[in-house]
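Per-entry structural report
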Protein chains: 2
Amino acid sequence: MPFVHLFRRYLRDQGLPVTQQRELIAEVVFASSDHLSVEEIEEQLRARGERIGKATIYRTLEMLVKSGLVAEHDFGEGFKRYEHLFGQMPVHEHLICTECGKVTEIQSPELVRVQEEVASRHGFQAARHRLEIYGLCAACQAAGRKLEWEGLTCPIETL
Amino acid sequence: MPFVHLFRRYLRDQGLPVTQQRELIAEVVFASSDHLSVEEIEEQLRARGERIGKATIYRTLEMLVKSGLVAEHDFGEGFKRYEHLFGQMPVHEHLICTECGKVTEIQSPELVRVQEEVASRHGFQAARHRLEIYGLCAACQAAGRKLEWEGLTCPIETL
DNA sequence: GTAATTGCAAAGGATTTGCAACAGT
DNA sequence: ACTGTTGCAAATCCTTTGCAATTAC
């Protein structure tokens, strides 16, 4: 993992100790191209034979997020997920498949442009945004899976 | 509250009892144009002199969401918020002020069109989306408040 | 009357915090 | 040495669930 030293540098700049645990957690997060949950990070650490307390994982993730090296996401699962930002598109959106859970990252300057335009039309100064599109990924469509019409038993128009 | 009878109708259609508690909770949600938390709903009920258990509020909100009359939101505060959908734009996005917490709803067919286009370009069949733009609302800008540059102590480029 | 709901309290899951033992500088 | 971290367990927060008493139909 060639990126752990960036986190080391960040910690030193902040006058914070560089501990084994922090390096290991950073390694796991930087090594994965997925959106990891705390549970999954703990698993991967165990798979490496490392036993690190959950509290330390949470505390280290907070620093990784503050450092700007890692982003925190909430896809409405009841817990958070984390992804490192190396070699990533600086601004990207998420396509989330409701059938298989696959998350695809996409980039669209046009989308960003329209968002900014719409915001400023309302006198709003946009700083950051979150766009998640839920639906069926290509693989699930090919497999013949269909979207379930969650919770639309009684649309307003028909009442 | 002229809309409570829609919820009554929904309950009857489903063969579910129309209870006082359900009507009162629906009234509170339908009466507010805000995005209410369960805590806030409970407060408003107390203000009316009604004492309804939290469990009942959660259970009733679940039905209101299933009925399609109310939408559930998670703005990353650690709890959910609810808004009724009467006289609302059917598809709308949220502008969230990080200074004062004000939530503005906007509608943009262009945004929706671009989103669908981008998704389908990736072979993705979009069903619904969530767009939240965080930044400074017009009032906060006028008041001279500035965006705090949360967690960007150490941007990647400078490492 | 019967079946479903209510409300309380207990359980649940994710995250946080207090604190004694420990590691980094 | 001194300061900050670790890890465990307890605490916290939002939400769900079990169950006896109550209400809707």
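Because the structure is predicted, anything quoted here is derived from the model rather than measured. (Residues numbered from 1 in each chain as written. Chains lettered and ligands numbered in written order. Predicted model: local features only at pLDDT ≥ 70, side-chain atom pairs only at ≥ 80, totals over all residues. Heavy atoms only, no water.)

With that settled, the discussion passes to the relation of the copies chain B and chain A. Two copies of a chain can be linked by a rotation about an axis combined with a shift along that same axis. Turning chain B through 179 degrees and shifting it by 0.1 Å along the axis lays it on chain A, with an RMSD of 0.2 Å. With respect to symmetry, the two chain copies, as superposed, fit the operation of a two-fold axis. Closest approach to the rotation axis among the C-alpha atoms of chain B is made by L131(B), whose C-alpha sits 2.2 Å away. The overlap is high: 98% of the interface residues of chain B also sit at the interface in chain A, so the same surface is used on both sides. (Least-squares fit on C-alpha atoms with pLDDT ≥ 70 in both. Contact = heavy atoms within 4.5 Å.)

Right, let's talk about the protein's contact with DNA strand C for a bit. The local shell around DNA strand C holds 19 residues, among which Y58(A), T19(B), Q21(B), R22(B) and R59(B) are the closest. Here a phosphate oxygen of DNA strand C sits 3.0 Å away from a polar atom, N or O, in the side chain of T56(B). Breaking the surface near DNA strand C down by element, the ones donating at least two residues are α4 (54-67) of chain A together with α2 (20-31) and α4 (54-67) of chain B. Classifying every residue of the surface near DNA strand C gives eight nonpolar, six polar and five charged. (Near = heavy atom within 4 Å. Polar contact = N/O pair within 3.5 Å; in protein donor to acceptor, adjacent residues only side chain to side chain. Helix = DSSP H or I, 4+ residues; strand = E, 2+ residues; numbered from the N terminus. Nonpolar A, V, L, I, M, F, W, Y, C, P; charged D, E, K, R; others polar.)

Taken together, the six strands give an open sheet; going across it, the order is β5(A)-β4(A)-β6(A)-β6(B)-β4(B)-β5(B), and neighbouring strands pair in mixed fashion. Among the strands making up the open sheet, the edge pair consists of β5 (103-106) of chain A together with β5 (103-106) of chain B. When strand polarity is set aside, the average angle formed by the axes of neighbouring strands in this sheet is 20 degrees. Against the sheet, helix α5 (residues 109-121) of chain B makes contact with β4 (93-97), β5 and β6 (125-136) of chain A together with β4 (93-97) and β6 (125-136) of chain B, and its axis sits at roughly 125 degrees relative to β6(B), the strand it touches most. (Pairing = 2+ DSSP bridges. Axes fitted to C-alpha atoms, helices over the stretch in contact; angles between N-to-C directions.)

Next up on the list: the sheet that holds strand β1 (residues 36-37) of chain B. Residue and element names in this part refer to chain B. With respect to topology, three strands assemble into an open sheet ordered β1-β3-β2, the strand pairing being antiparallel. Edge strands, defined here as strands with exactly one partner in the open sheet, are β1 and β2 (70-73). As defined by bridge partners, β1 adjoins strand β3 (residues 81-84) across two bridges and the pair is classed as antiparallel. Residue pairing across strands places L36 opposite Y82, the latter belonging to β3.

Next up on the list: the side chain of R130(B). For R130(B), the location among the structural elements is in strand β6. Note on R130(B): relative accessible area 16%, which makes it buried. Within the local environment of R130(B), its side chain forms a polar contact with the backbone oxygen of D74(B), the two atoms lying 3.4 Å apart. Beyond its immediate stretch of four places on either side in the chain, R130(B) contacts D74(A), F75(A), G76(A), R130(A), L131(A), E132(A), Y134(A) and D74(B). (Buried < 20%, exposed > 50% of the residue type's maximum accessible area, 1.4 Å probe, protein only.)

Neighbouring residues of DNA strand D: 20 residues in total, closest T19(A), R22(A), R59(A), Y58(B) and K80(B). What you see for DNA strand D is that sugar and phosphate hold 72% of its atoms within 4 Å of the protein. Separating a phosphate oxygen of DNA strand D from a backbone N or O atom of G53(A) is a distance of 3.3 Å. Taking T56(A), its side chain carries an N or O atom lying 3.1 Å from a phosphate oxygen of DNA strand D. Among the elements of the structure, α2 (20-31) and α4 of chain A together with α4 of chain B are those that each provide at least two residues to the surface near DNA strand D. By residue class, the composition of the surface near DNA strand D is nine nonpolar, six polar and five charged.

Before going further, it helps to spend a moment on the environment of K146(A). Residue and element names in this part refer to chain A. Checked against the element boundaries, K146 lands in the segment after α6 (138-142). For the pair K146 and Q21, spaced 125 residues apart in the sequence, the C-alpha separation amounts to 44 Å. The contact partners of K146, leaving out residues within four places of it in the chain, are E99 and L136.

Let us now look at the domain arrangement of chain A. Residue and element names in this part refer to chain A. The domains assigned to chain A are domain 1 (1-88) and domain 2 (89-149). Look at where the C-alpha atoms of domain 1 and domain 2 centre, and you get two points 25 Å apart. Taken together, the seven residues of domain 1 in the interface contact 10 residues of domain 2. On inspection of domain 1 and its partner domain 2, the count reaches zero salt bridges. Scanning the region where domain 1 abuts domain 2 turns up four residue pairs in polar contact (both at pLDDT 80 or more). Looking at the side of domain 1 that touches domain 2, its residues break down into one nonpolar, four polar and two charged. (Domains from an automatic or database assignment. Salt bridge = Lys/Arg side-chain N within 4 Å of Asp/Glu carboxyl O.)

Here the focus is the pairing of β6(A). Where β4(A) meets β6(A), four bridges bridge the pair, whose relative direction is parallel. Counterpart to L95(A) in the pairing with β6(A) is I133(A). As paired strands, β6(A) and β6(B) are joined by 11 bridges and run antiparallel to one another. Looking at the pairing, Q125(A) lines up with L136(B) of β6(B).

A word on the packing of aromatic side chains. Across all of its chains, the model carries six aromatic pairs over all chains by this definition. Here F7(A) and Y10(A) contribute two aromatic rings whose centre-to-centre distance is 6.4 Å and whose plane-to-plane angle is 10 degrees, an arrangement assigned as stacked. Taken together, the residues span about one helical turn, with F7(A) and Y10(A) both in helix α1 (residues 4-13) at a distance of three residues. In this structure, F7(A) and Y10(A) share a single accessibility class: buried. These aromatic residues form a ring-pair network of at least three members: F3(A), F30(A) and F86(A). The cationic tip of R128(A) hangs over the ring face of Y134(B); the distance from NZ or CZ to the ring centre is 4.5 Å. (Phe/Tyr/Trp six-rings, centres within 6.5 Å; stacked < 30°, edge-to-face > 60°. Lys NZ or Arg CZ within 6 Å of the ring centre and 35° of its normal.)

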